[in-house]
Amino acid sequence: MLPCWHCPIACRRDPVAMLPDWFTPDSHPAPPPAPLFDWLCAEGSLTQRLTEAGNQDFHVQLLEQCQQPARQDEALALAVQLNEAVWAREVLLHTDGAARVFARTVAPLSALGSAAMELNKLGTTSLGHLLFRNPQISRGPIEISQYPAHWLPAEYKANGLWARRSHFSDGQLQLLVCEVFLQGWPCAGT
Ligand SMILES: C=C(O[C@@H]1C=C(C(=O)O)C=C[C@H]1O)C(=O)O
């Protein structure tokens, strides 16, 4: 896996660019209304829910999978040093004919263990299949925040989009999965 160190241009130009501010859904001072709030809080597989909501028209677009420096919020959540190399995977989750969610998953290199090979060959298979089919893996509490536009892929940049994140762990492996709902999702009735 090749390291690919890069800092978003907006971040270099504006050191006080917005950073996420993570809260548990119940403690957020200004949470979004339903149905988005319900999508943010749902504990089950997002892959499965998107598949069902989009009439089985679901696929994963792999954007990047490489080593990257841990961002500030990730370093705090994973108890690693700021800018320490982490395993990072960024994807777009498409359903019902369009990209609906941007997901970024990071893991400390030291915690990848025997899962490394499986993770590195995931390709366009959803990580959700791996996480939710393994009874050893459990999910930690969900946190929500608005997400910095400059951390989104160019085509999907927008201010104020809502994200959620949570840990998945089997005791050794530690993954921090962050999912950002893109403009237009959820559609009415989903
Ligand atoms: C965690 C899940 O897996 C999804 C799939 C991902 C991937 O393939 O990289 C990333 C995050 C998730 O949105 C899920 O389905 O809930």
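Cut-offs applied
- Residues numbered from 1 in each chain as written.
- Predicted model: local features only at pLDDT ≥ 70, side-chain atom pairs only at ≥ 80, totals over all residues.
- Heavy atoms only, no water.
- UniProt positions renumbered as here; feature names shortened; annotations may be inferred.
- Salt bridge = Lys/Arg side-chain N within 4 Å of Asp/Glu carboxyl O.
- Helix = DSSP H or I, 4+ residues; strand = E, 2+ residues; numbered from the N terminus.
- Buried < 20%, exposed > 50% of the residue type's maximum accessible area, 1.4 Å probe, protein only.
- Near = heavy atom within 4 Å.
- Polar contact = N/O pair within 3.5 Å; in protein donor to acceptor, adjacent residues only side chain to side chain.
- Areas by Shrake-Rupley, 256 points an atom, 1.4 Å probe, with all protein chains shown as cover.
- Phe/Tyr/Trp six-rings, centres within 6.5 Å; stacked < 30°, edge-to-face > 60°.
- Lys NZ or Arg CZ within 6 Å of the ring centre and 35° of its normal.

Looking at an unreviewed UniProt entry, the chain carries the name Probable chorismate pyruvate-lyase, with the source organism given as Pseudomonas neustonica. What UniProt states about the chain under its Sequence similarities (unreviewed entry) heading is, verbatim, "Belongs to the UbiC family."

To continue, consider the pattern of salt bridges. Considering all chains together, one arrives at 6 salt bridges under this definition. Across the pair Arg 165 and Asp 73 runs a salt bridge whose closest N-O atoms are separated by 3.8 Å. Residue Arg 165 is found in strand E6 (residues 162-169), and its partner Asp 73 is found in helix H4 (residues 72-78); the two are separated by 92 residues along the sequence. Classification of Asp 73 by relative accessible area gives buried; the value is 12%. Sharing partners across several salt bridges, the network here consists of Asp 73, Glu 143 and Arg 165.

Our focus in this paragraph is the site of the ligand. Taken together, 15 residues form the shell around the ligand, and within it Leu 46, Thr 47, Arg 89, Leu 127 and Glu 179 come nearest. Contacts to the ligand include Gly 128, whose backbone N or O atom sits 3.1 Å from an oxygen atom. At 2.6 Å, a side-chain N or O of Glu 179 approaches an oxygen atom of the ligand. Considered on its own, the ligand offers 380 Å² of accessible surface; in the complex 100% of this is hidden by protein. If you list the elements that add at least two residues to the shell around the ligand, you get helix H3 (46-53), strand E2 (85-95), helix H6 (127-132) and strand E7 (174-181). In terms of residues, the shell around the ligand owes the most to one element, H6, which gives 4 residues.

In this section: the packing of aromatic side chains. Applying the stated criterion across every chain, the model contains 5 aromatic pairs. An angle of 75° between the planes, with centres 6.1 Å apart, marks the rings of Trp 39 and Phe 181 as edge-to-face. In this pair, Trp 39 is assigned in helix H2 (residues 36-41) and Phe 181 in strand E7, connecting sequence segments 142 residues apart. Judged by relative accessible area, Phe 181 falls into the buried class, the value being 2%. When the centroid spacing of 5.5 Å and the interplanar angle of 80° are considered together, the rings of Trp 39 and Trp 185 count as edge-to-face. Within this pair, whereas Trp 39 is found in helix H2, its partner Trp 185 is found in the segment after E7, the two being separated by 146 residues in sequence. Relative accessible area serves as the criterion here: at 1%, Trp 39 is assigned to the buried category. Residue classification places Trp 185 among the buried residues on the basis of a relative accessible area of 5%. Clustering of aromatic rings is evident, with ring pairs tying together Trp 39, Phe 181 and Trp 185. Over the aromatic face of Trp 39 sits the side chain of Arg 49, whose NZ or CZ is 4.0 Å from the ring centroid. The ring of Trp 151 carries Arg 71 above its face, with NZ or CZ at 4.1 Å from the centroid.

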